[in-house]
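Structure assessment
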Amino acid sequence: MKFNTQLIHGGNSEDPTTGAVSTPIYRASTFHQRKLGGEVKWEYGRTGNPTRASLEKLMAELEQGVAGFAFASGSAAIHAVFSLFSAGDHFVVGNDVYGGTFRLINQVLKRFGFEFTVVDTQNLAAVEAAIQPNTVAIYFETPTNPLLKLTDIKAITKIAQQHDLKTIIDNTFATPYNQQPLTLGADIVVHSATKYLGGHSDVVAGIAVTNKLELAERLAFLQNAIGSVLGPDDSWLLMRGIKTLGARMRVHHENAHAVADFLVHDPRVAKVLYPGLTDFPDHELARNQMRDFGAMISFELKPGLSAKQFVESLKLIDLAESLGGIESLIEFPAVMTHGAIPREVRLANGIKDELIRLSVGIEDEQDLIADLKQGLTQLDGEN
Ligand SMILES: Cc1ncc(COP(=O)(O)O)c(C=O)c1O
Ligand SMILES: N[C@@H](CCSC[C@H](N)C(=O)O)C(=O)O
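Residues numbered from 1 in each chain as written. Chains lettered and ligands numbered in written order. Predicted model: local features only at pLDDT ≥ 70, side-chain atom pairs only at ≥ 80, totals over all residues.

Here is the rule: UniProt positions are given in the numbering used here, feature names are shortened, and annotations may be inferred rather than shown by experiment.
Taking an unreviewed UniProt entry as the reference, the protein chain is identified by name as Cystathionine beta-lyase belonging to Limosilactobacillus equigenerosi DSM 18793 = JCM 14505. Of the comments in the UniProt record for the protein chain, the one headed Pathway (unreviewed entry) reads "Amino-acid biosynthesis; L-methionine biosynthesis via de novo pathway; L-homocysteine from L-cystathionine: step 1/1." In the Sequence similarities (unreviewed entry) part of its UniProt record, the protein chain is described as follows: "Belongs to the trans-sulfuration enzymes family."

**Quick notes on the overall build of the protein chain**
So the rule is basically this: Comment: elements are numbered from the N terminus, with helices defined as DSSP H or I runs of at least four residues and strands as E runs of at least two. Each radius of gyration reported is based on C-alpha atoms, and the globular scaling rule is 2.2 Å times the count of residues to the power 0.38. Three exposure classes are used, based on other C-beta atoms lying within 10 Å of a residue's own C-beta, which is placed from the backbone: buried for 20 or more, exposed for 12 or fewer, and partly exposed in between. We call two residues in contact if the C-beta atoms placed from their backbones are at most 7 Å apart.
Within the protein chain, the secondary structure is distributed over 14 helices and 12 strands. Over its C-alpha atoms the protein chain spans a radius of gyration of 21 Å, differing by no more than 12% from the 21 Å that the globule rule assigns to 383 residues. On the principal axes, the C-alpha backbone points of the protein chain span a range of 80 × 50 × 35 Å. Across the 383 residues in the protein chain, those meeting the buried criterion constitute 47%. A sequence separation of at least 24 residues applies to 73% of the contacts in the protein chain between residues at least 6 apart.

**Examining the packing of helix α3 (residues 74-82) against helix α4 (residues 99-108)**
For the record, the criterion: In this description, a line fitted to the C-alpha atoms serves as the axis of each element, helices being fitted only across the stretch in contact, and the angle between N-to-C directions of two axes falls anywhere from 0 to 180 degrees. Handedness of each helix crossing follows the sense of rotation of the near helix against the far helix: counterclockwise by less than a right angle gives left-handed, clockwise gives right-handed. Charged means Asp, Glu, Lys or Arg here, nonpolar means Ala, Val, Leu, Ile, Met, Phe, Trp, Tyr, Cys or Pro, and polar covers whatever is left, Gly included.
Two elements in contact, α3 and α4, have axes separated by 11 Å at closest approach and are oriented at 40 degrees. Considering the relative orientation of α3 and α4, their crossing is right-handed. In this structure, α3 uses S75, I78 and H79 to contact α4, whose residues at the interface are G100, T101 and L104. Along the lines of polarity and charge, the residues of the contact of α3 with α4 split into 2 nonpolar, 4 polar and no charged.

**Let's talk about the confidence of the model for the protein chain**
What counts is decided by this rule: pLDDT: the predictor's confidence for each residue, scored from 0 to 100.
Here the protein chain shows a mean pLDDT of 96. Residues at 70 or above account for 99%. In the model of the protein chain, helix α13 (residues 343-348) stands out as the element of lowest mean pLDDT, 93, in contrast to strand β7 (residues 206-210), which has the highest, 99.

**So, the site of ligand 2**
Going by this rule: Nearness here is judged by the C-beta atom: place it from the backbone, and if it falls within 6 Å of a molecule or strand, the residue counts as near that partner. Domain delimitation in this document rests on an assignment produced automatically or drawn from a domain database.
The environment of ligand 2 is made up of Y98, G100, N145, S192, E321, S322, L323, T337 and A340. Inspection of the shell around ligand 2 shows a minimum of three residues originating in each of domain 1 (3-243) and domain 2 (246-377).

Written as structure tokens, this is what we have:
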């Protein structure tokens, strides 16, 4: 089955009990056990729920893994994945990860004895050099949030395999529509499903998928033991969103190409980061590794122009944290999504104070460009 068909007919596309073509929402915290100690498929809502299981099966198929796990948020999924490991284990982590992941690593996991070396995963020699005798995994995003940097997944998984390490990839920005890291050698994929998978800015959710049975068994145990599971209503919302992922991504991409092209040609814009631009440093890698270039664009205005005034002047595009929804959102990583990263670390990693990040939605591209244009025009005469 092709990916776009799988989005709609994958998982349990039909309810086995009633034949309903939309998976029902099983709002049940517990299930009747007919016999004491007998085999039961469903016992307790945290351990397993038929609606959540349907979503998990679908996500495993879409990422080409053996099992999927749905969590209460992307951060909960990432936390559960790190819980596979133990105090004293060392991780090589990409230097441009979501601010909340950076916070989880530095302010939570380190307190439990986990060790981290943060490197630019585009630099394969630096990744090799960071590996220590106690290294257990390499963790990164591609494309990254918010600088849209790409890492060569095959090259990293080759290094990981040579050193017997796991590769864990946050596939939130690409989605399985654009890339399936497990097919390129990764062991675990995580998602903030709050973003493109949900697609409508109405659900907070996380997903982890693995292609290794042994990891799947341990993740199932951890999901139940830690308990940060996704509820049945949100599982249903996510499945509903996923059905249109392909259709949405095609419009997201079309709009993003047009918006990036507009920004590149505006005299008030200093720099545009978008993997679809032919002069973007990772353009060739994006061409080879991804189906399309995604719909996230980061950019900087010319010195002297107020990025704050610009984002506040937009009328259609909302100033808000998050991305991947049908509506376009704009934000300042330094004070919003990546505010948890200390300023000196953030600047060293290339996230300037006035960097602007735009999540291009699926509105009419002419309206989006008109809004950006009116915001930029208001800056004329300001410097
Ligand atoms: C790339 C990435 N990974 C993980 C997360 C965490 O996801 P959530 O907000 O669903 O916890 C986010 C955003 O929050 C993100 O942008
Ligand atoms: N204030 C939140 C930050 C949410 S960021 C959401 C998303 N990952 C994005 O990049 O837009 C927090 O502190 O967790």
